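Architecture and fold: a report
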Amino acid sequence: MPLSETEENAIGEIVNRHAADPTQLVQILRDVQNCLRHVPPAALDELARLLAIERVQVQAVAEFYTFFSSEPRGFYDILISDSITDHMLGSREIAAYLCEKLGIQPGETRSDGRVSVDYTSCTGMCEQGPAGLVNGYTITRLTRDRVDRIVELVNADAPVDQWPREFFAVKDNIHRADLLLKTPFQPGSALKWALTRGVESTFSEIDKSGLRGRGGAGFATSWKWRFCFEGPEESAVCPIDKPTGKVDRYVVCNADEGEPGTFKDRVLLQSYADQVFEGMTVCAAVVDARQGFLYLRGEYLYLYEHLKSVLERRRQSGLLGKNILGRDGFDFDIDIRLGAGAYICGEESALIESLEGKRGIPRNRPPYPVTSGYLNQPTVVNNVETFAAAALITLKGGTWFASVGTEKSRGTKLLSISGDCARPGIYEYPFGTPIAEILRDCGATDTLGVQIGGPSGVFISEREFGRVLGFEDLPTGGSFMVFDHSRDILEIVRNFTHFFAHESCGFCTPCRVGTSLLKDQLDKICAGHGAAGDLVELGHISQLVKTTSHCGLGQTAANPILSTLERYPELYERRLKATTFEPGFDLDSALEVARQMTGRDDAHAHLEQEVEL
Ligand SMILES: Cc1cc2nc3c(=O)[nH]c(=O)nc-3n(C[C@H](O)[C@H](O)[C@H](O)COP(=O)(O)O)c2cc1C
Ligand code: SF4
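Residues numbered from 1 in each chain as written. Chains lettered and ligands numbered in written order. Predicted model: local features only at pLDDT ≥ 70, side-chain atom pairs only at ≥ 80, totals over all residues. Heavy atoms only, no water.

With that settled, the discussion passes to the overall build of the protein chain. Helices and strands together make up the secondary structure of the protein chain, namely 25 helices and 15 strands. Whereas a compact globule of 613 residues would reach a radius of gyration of roughly 25 Å, the protein chain reaches 24 Å, a difference of no more than 12%. Projected onto its principal axes, the C-alpha coordinates of the protein chain cover approximately 75 × 65 × 60 Å. Here the protein chain, with 613 residues, has 59% of them falling under the buried criterion. Counting every atom, the protein chain has about 24200 Å² of accessible surface; 49% of that belongs to carbon and sulfur. (Helix = DSSP H or I, 4+ residues; strand = E, 2+ residues; numbered from the N terminus. Rg over C-alpha atoms; globule rule 2.2 N^0.38 Å. Buried < 20%, exposed > 50% of the residue type's maximum accessible area, 1.4 Å probe, protein only. Areas by Shrake-Rupley, 256 points an atom, 1.4 Å probe, with all protein chains shown as cover.)

See the structure below:
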C-alpha cells in the first residue's frame, strides 16, 4: 500500500532530523516505528530514496531488530519481560491476566488496533518485576491491581504520559556501596586532574590501577586505550600536549546491558551519569578522540532524556564541546544512540555495526575495534562501569584503586542481585569476596544454586559457595541470580536456552541451527519425551555450538546446559523415557551442506563468510 501524504511528510521530517545520515538508520527506523506504529514496505522504499542507499539494506536492518514490525502494533504496545527472574515474580500469570482482560492472546494486536501484547527478553528490572514496556517506556512491579488499572486506561484512550507516575518508577535499590558508589565525585574534578597531571601520567594511573573491563571479558583497560591511541600507523605521543589530528578516533560506552539478570549499568546511568561521561572524556583525552557515543539499550528509553540533560549541562560547564576546560584543541562530544531490542548488539563489533546503521552482526576479528572500529577508525569500546571506575582512578590515583581486590582482579565489582533473596538490588564488593558472604548479605536462605554472569555464565551449586568473585575464579559482567530449593533447574536452563535461540543473530550456521536444536531437544526432554540417546545428542550439539560458533553468543549459548549436565546429571536422567532413541536430525550432517556450499571442509568455514549488503 502506498504511503499517505501525511506519512510521507512524517518520514521526510524524521530523515531530516537525522541529517539524512545513513549511519543513523537504526535511529530513523525507531522514529518511523514510533510514529506509524510499524515500518510498512512503502516506508522502506521512501527511506532508501531519501538516504540514497539500497532498499535491501533498509529492509535487512528493519527485519533484524525486534522493536521494528512490518505489521501495525497497537496504539498501546505492551511488552512483558520474559526473563527467568520475572517469571519467578509471576510475569507469565500477569501476562495471561492482562491478555484475558484485553481479550487478546500474547503476540496479537486487538482487532480495533488499540493494543498489542507480547513478550520481550529481559528488560533489566529483575529486582522490581514483573516488569515490561509500554510504548518503549519501562513499567515495573506489575500486579493484578495495576493490570486492572492499565486495562481501564487503555480502554479510555488515556495517553501514556498521563498514566500514574508510580507505574513507571524505577528504583536504584543500592544495598552495598564501596569504592565506586560511595566515593564523592564532583563533575569536572577528574578532568581537572587529568589536565593538571598531563595525559601520559593519567594513562599511567589507569595502568597502575590494574583496571580490567567490567563488561565480562576483563581485558586490561590501559592496554585497550594504548592500542587505540597507537593505532595502526602512529607512534605514541602525548595527544593533548601535541595533538596529532591525523586519525579520527572514537570512544564508545557500551550501555547495551542485555544479559538477563544484569541491571547495574542502569543504576550508574541513572545516578552516576556524570562519572560515566567523565570517564569517557578522560579516555578521549588519553586516546585523542573527538567523538564519543553512548550506545543505550532501547529498553532503557526512560533514561534518554535524563542523559541528554546531563550531557547538555556538561556542555554548558565546559566539560564537553570545544576547548574543554579551556584547553586549546581538547574537543570532544558525546551522542546517545539507542538500540532496538537485539542482545547481540552488546557484543562490541556488532554494536559498532549497529552504530553505523547496520544489522548487529559481529565482525570477523582481527582487526579489533581498537585499530578498526567505528567507520574503520580506532575505537575504544568500554562498559559503563569501566568508564565510571576510570573517572575515579583519575581522581584518586591507581594505587588507591589497586589496593582493593585480588592480584589479578583489582578494585570492586557491581553485582545485580535478583531471584530468591530478601533484598535484591545492587551490591558492590571487592573482588575476592566469597559467594557465601554475598548470599548472607542479600538475605538468601535455602539456596540451591547461583547463576553467575547471566545465562552465558556459570551455574554454581550449593557445594561451591566458598568460591570467590574475580577473574581468577568466578568472573561476571554483573548478573547474580539466586535460586532456592523450590526451583526447577531444568526450567531455568530451558528459559536460558530459549533466550539464546531467540537472540542468535542467524549469521553462522552452528549457532543459528544449533541453538534451535538445543531448545527443541531440551523441550523434548523436559516434557518427558526424551530417551537416553537424546541426552547424548544434547551434549554433542552443545559441544558443537560451543566450539564452532562465530562469536561469544554462540560460544556460550550451551553453558547453561553444560554446567548443569556436569553438576546435576541425575535431573536430566530422571526425565528420560526408558526407550532407545533414533536421532531425527544430525547437526554435523546439516553443517556438511554449508561446508560444501562454501567449498570448505573444516567446521570453521563460516568464519570466512562476509555478509555484504
Ligand atoms: C553476546 C554478547 C553480549 C555482550 N553484551 C555486553 C553488554 O551488554 N555490555 C558490555 O559492556 N559488554 C558486553 N559484551 C562484551 C563486549 O563485547 C565488550 O567486551 C565490552 O563492551 C568491552 O568493555 P570492557 O572492556 O569495559 O569490559 C557482550 C559480549 C557478547 C559476546
Ligand atoms: S554465534 Fe553466529 S549466529 Fe550466533 S550470534 Fe554470533 S555470529 Fe550470530
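The rest of the description comes next.
Partitioning the protein chain into structural domains gives domain 1 (5–62), domain 2 (76–168), domain 3 (175–402), domain 4 (412–487) and domain 5 (491–574). Relative to domain 5, the C-alpha centre of domain 2 lies at a distance of 30 Å. Carbon and sulfur atoms make up 58% of the area that domain 2 and domain 5 hide from each other, which totals about 340 Å². Joining domain 2 to domain 5, the criterion identifies two residue pairs in polar contact (both at pLDDT 80 or more). Taken together, the residues that form the side of domain 2 that touches domain 5 break down as one nonpolar, three polar and one charged. (Domains from an automatic or database assignment. Buried area = accessible area lost by both parts, 1.4 Å probe. Polar contact = N/O pair within 3.5 Å; in protein donor to acceptor, adjacent residues only side chain to side chain. Nonpolar A, V, L, I, M, F, W, Y, C, P; charged D, E, K, R; others polar.)

Glycine aside, the phi torsion of most residues is negative, and most peptide linkages are trans. Cis geometry is found at the peptide bond from Arg 365 to Pro 366, where omega equals -5 degrees. In the segment running from Pro 366 into Pro 367, the intervening peptide bond is cis, with an omega of 5 degrees.

A grouping of Phe 219, Trp 223 and Phe 227 is seen on the molecular surface, where their side chains present a nonpolar patch of about 320 Å² in accessible area. Turning to its location among the elements, Phe 219 is positioned in the loop between α10 (199–209) and α11 (221–230). On the basis of relative accessible area, Phe 219 is assigned to the partly exposed category, the value being 39%. (Patch = residues over 30% accessible without salt bridge, like charges linked within 9 Å, V, L, I, M, F, W, Y side chains within 5 Å. Salt bridge = Lys/Arg side-chain N within 4 Å of Asp/Glu carboxyl O.)

Time to look at the packing of aromatic side chains. One pass over the full model with this rule turns up 18 aromatic pairs. Measuring from ring centre to ring centre gives 5.2 Å for Phe 75 and Tyr 76, while their planes differ by 90 degrees; the resulting arrangement is edge-to-face. On the basis of relative accessible area, Tyr 76 is assigned to the buried category, the value being 0%. Judged by centre distance (4.8 Å) and plane angle (80 degrees), the rings of Tyr 250 and Tyr 374 are edge-to-face. Taken together, the positions of Tyr 250 in strand β7 (residues 250–255) and Tyr 374 in the loop between α15 (348–355) and β10 (379–383) put the pair 124 residues apart, joining distant regions of the chain. The same class applies to Tyr 250 and to Tyr 374, which are both buried. Grouping aromatic residues by their ring pairs yields a cluster made of Phe 75, Tyr 76, Trp 163 and Phe 168. (Phe/Tyr/Trp six-rings, centres within 6.5 Å; stacked < 30°, edge-to-face > 60°.)

On to the packing of helix α20 (residues 509–526) against helix α21 (residues 532–548), then. Two elements in contact, α20 and α21, have axes separated by 10 Å at closest approach and are oriented at 155 degrees. Comparing their axes, α21 and α20 come out roughly antiparallel. Considering the relative orientation of α20 and α21, their crossing is left-handed. Of the residues in α21, those touching α20 at Pro 510, Gly 514, Thr 515, Leu 517, Leu 518, Gln 521, Leu 522, Lys 524 and Ile 525 are Asp 534, Leu 535, Glu 537, Leu 538, Ile 541, Ser 542, Val 545 and Thr 548. Grouping the amino acids of the contact of α20 with α21 by side-chain chemistry returns nine nonpolar, five polar and three charged. (Axes fitted to C-alpha atoms, helices over the stretch in contact; angles between N-to-C directions. Parallel < 35°, antiparallel > 145°, perpendicular 65-115°, else oblique. Left-handed = near helix turned anticlockwise from the far one by under 90°. Contact = heavy atoms within 4.5 Å.)

Sheet architecture is open: four strands sit in the order β9-β8-β7-β10, paired in parallel fashion. On the outer flanks of this sheet lie β9 (333–338) and β10, each paired with one strand and no other. Across this sheet, the average inter-strand angle for adjacent strands is 20 degrees, counted without regard to direction. As judged from the six bridges shared by strand β8 (residues 291–296) and β9, these two strands associate in the parallel manner. Within the sheet, the bridge partner assigned to Leu 294 lies in β9 and is Ile 336. Strands in contact with α15 are β7, β8, β9 and β10; relative to β8, the strand with the most contacts, it is inclined by about 105 degrees. (Pairing = 2+ DSSP bridges.)

Turning next to the site of ligand 1. Taken together, 18 residues lie around ligand 1, and Gly 215, Glu 348, Asn 382, Asn 383 and Thr 386 are the ones closest in. Within the backbone of Gly 215, a nitrogen or oxygen atom sits 2.7 Å from an oxygen atom of ligand 1. Contact with the protein chains covers 87% of the free accessible surface of ligand 1, which is 610 Å². Elements that contribute at least two residues to the shell around ligand 1 include exactly β10 and α22 (552–557). In terms of residues, the shell around ligand 1 owes the most to one element, β10, which gives three residues. (Near = heavy atom within 4 Å.)

Ordered in space as β2-β3-β1-β4-β5, the five strands form an open sheet in which the pairing is mixed. A strand with exactly one partner marks an edge of an open sheet, and here the two such strands are β2 (108–109) and β5 (137–139). Packing against the sheet, helix α6 (residues 91–102) makes contact with β1 (76–81) and β3 (115–120), and its axis sits at approximately 165 degrees to β3.

As for its placement among the helices and strands, His 18 is situated in the loop between α1 (5–17) and α2 (25–36). Its relative accessible area of 14% is what places His 18 among the buried residues.

With that out of the way, let us pick up the pattern of salt bridges. A complete count under the given rule lists 42 salt bridges for this structure. Lys 308 is the partner of Glu 305 in a salt bridge, and the nearest nitrogen-oxygen pair spans 3.9 Å. Taken together, the positions of Glu 305 and Lys 308, both in helix α14 (residues 304–316) and three residues apart, correspond to about one turn of that helix. Linked by salt bridges that have partners in common, Lys 224, Glu 347, Glu 348 and Arg 365 make up one network.

Attention now moves to the environment of Glu 13. Tracing the sequence through the fold places Glu 13 in helix α1. Exposure remark for Glu 13: the relative accessible area of 54% places this residue in the exposed category. A C-alpha to C-alpha distance of 40 Å links Glu 13 and Ser 416, two positions 403 residues apart in sequence.

Time to look at the side chain of Ser 69. By the element assignment, Ser 69 lies in the loop between α4 (55–64) and β1. Taking relative accessible area as the criterion, Ser 69 reaches 15% and is therefore assigned buried. Within the structure, Ser 69 has its side chain in polar contact with the backbone oxygen of Glu 71 (distance 2.3 Å). Filtering out sequence-adjacent residues up to four positions away, Ser 69 remains in contact with Gln 33, His 38 and Val 39.

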